[in-house]
Amino acid sequence: MNNTTPAILFETIEKNFGSLKVLKGITGEINRGEVIAVIGSSGCGKSTLLRCFNRLETIDNGRLVINGINVSRPTVDYSQLRQLRTQVGMVFQQFNLFPHLSVLENMTLAPRKVLGKTPKESAQLAGLYLEKVGLFDKASSYPEQLSGGQKQRVAIARSLCMNPQIMLFDEPTSALDPELVGEVLQVMQQLAAEGMTMVIVTHEMQFAREVANRVIFLDKGVVAEQGLASEVLSNPQSDRLRIFLSRLN
Ligand code: ADP
Ligand code: MG
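Residues numbered from 1 in each chain as written. Chains lettered and ligands numbered in written order. Predicted model: local features only at pLDDT ≥ 70, side-chain atom pairs only at ≥ 80, totals over all residues. Heavy atoms only, no water.

**Describing the site of ligand 1**
As a structural note, the neighbourhood of ligand 1 is formed by Phe17, Leu20, Val22, Ser41, Ser42, Gly43, Cys44, Gly45, Lys46, Ser47 and Thr48. Taking Gly45, its main chain carries an N or O atom lying 3.0 Å from an oxygen atom of ligand 1. Take Lys46: an N or O atom from its side chain is 2.8 Å from an oxygen atom of ligand 1. In the complex, the protein chains occlude 58% of the 560 Å² of accessible area that ligand 1 would expose alone. For the shell around ligand 1, the secondary structure elements donating two or more residues are β2 (20-30) and α1 (46-53). Of all the elements, α1 adds the most residues to the shell around ligand 1, at three residues. Partitioned by chemical class, the residues of the shell around ligand 1 number four nonpolar, six polar and one charged. (Near = heavy atom within 4 Å. Polar contact = N/O pair within 3.5 Å; in protein donor to acceptor, adjacent residues only side chain to side chain. Areas by Shrake-Rupley, 256 points an atom, 1.4 Å probe, with all protein chains shown as cover. Helix = DSSP H or I, 4+ residues; strand = E, 2+ residues; numbered from the N terminus. Nonpolar A, V, L, I, M, F, W, Y, C, P; charged D, E, K, R; others polar.)

**Concerning the pattern of salt bridges**
Summed over the entire model, instances satisfying the criterion amount to eight salt bridges. A salt bridge links Glu194 to Lys132; the shortest N-O distance between them is 2.5 Å. You can see Glu194 sitting in the loop between α6 (178-193) and β8 (197-201) and its partner Lys132 sitting in helix α4 (residues 119-132), a full 62 residues away along the chain. Look at Glu194 and you get partly exposed, because its relative accessible area is 47%. The residue Asp239 makes a salt bridge to Arg242 at a minimum N-O spacing of 2.9 Å. Remark: Arg242 and Asp239 occur in helix α9 (residues 239-248); sequence separation between them is three residues, near one turn of the helix. The class of Asp239 is exposed, set by a relative accessible area of 53%. Within the structure, one salt-bridge network assembled from shared partners comprises Lys15, Arg51 and Glu57. (Salt bridge = Lys/Arg side-chain N within 4 Å of Asp/Glu carboxyl O. Buried < 20%, exposed > 50% of the residue type's maximum accessible area, 1.4 Å probe, protein only.)

**Here's the deal with the sheet that holds strand β3 (residues 35-39)**
Spatially, six strands are ordered β6-β7-β8-β3-β9-β10 in an open sheet, and the strand pairing comes out mixed. Edge positions in the sheet fall to β6 (88-91) and β10 (222-228), since each of these pairs with one other strand and no more. Ignoring strand direction, the axes of neighbouring strands in this sheet form an average angle of 15 degrees. Of the pairings in the sheet, the one linking β3 to strand β9 (residues 214-219) comprises four bridges and is parallel in character. If you follow Ile36 over to β9, its bridge partner there is Arg214. Here α1 sits on the sheet in contact with β3, β6, β7 (166-170), β8 and β9, set at roughly 155 degrees to β7. (Pairing = 2+ DSSP bridges. Axes fitted to C-alpha atoms, helices over the stretch in contact; angles between N-to-C directions. Contact = heavy atoms within 4.5 Å.)

Written out as structure tokens, the structure is:
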């Protein structure tokens, strides 16, 4: 694998939950260093697509190659899956921090257990990324002592401790009070500027316009429109996207 291998390659992928067809043949590729915003109405399959991208869900049909690892087959070997999980970081709407662990313990757990780092190495790493998200002084705090925005910045920093090559964000600011959204978007913007490959499900269109290279508009399980963020968001071609965008304003 080299830098010209797409970060994520997906061809006519399908995902069903029983008789419910959620992804109905989705094709595209995400290149290294690209920032992709995935937009669409509630229930259209955004989270499912993202969860396929780190194999929290398996696809039913099509081809999906993540960071050079083909995960299309129902059985992927365990060591590859493990590799994939360290290479692809995910940040959720609800932060998913462990409430009974301090910020530092939240951040050092996976580097110790999965990457085999020593407590000292993992603490150094955690310090580095806490600094990056502006929360170095919160290392010994517990999640309940933090604001929503701080929790989400810790969650991002925790992901970065695994040194991922791709970061997936599923509505990272949707659970936040409006005044806390900016501090999280700012951290994400910085990551994007540093060249991180990012796939972001978001309803923050201003952010998508400024930070995303490309936008994918999902509608009822298909890609209804995609292209450069500036073009797709400023000049939607379909009625569905026009209606979707007008509802957000
Ligand atoms: P979005 O993130 O765009 O709101 P989702 O990907 O979460 O949409 O969900 C798409 C559809 O799939 C919805 O109808 C949802 O109810 C359904 N769905 C998602 N996950 C599951 C699951 N694990 N089991 C059954 N249905 C699911
Ligand atoms: Mg969702």
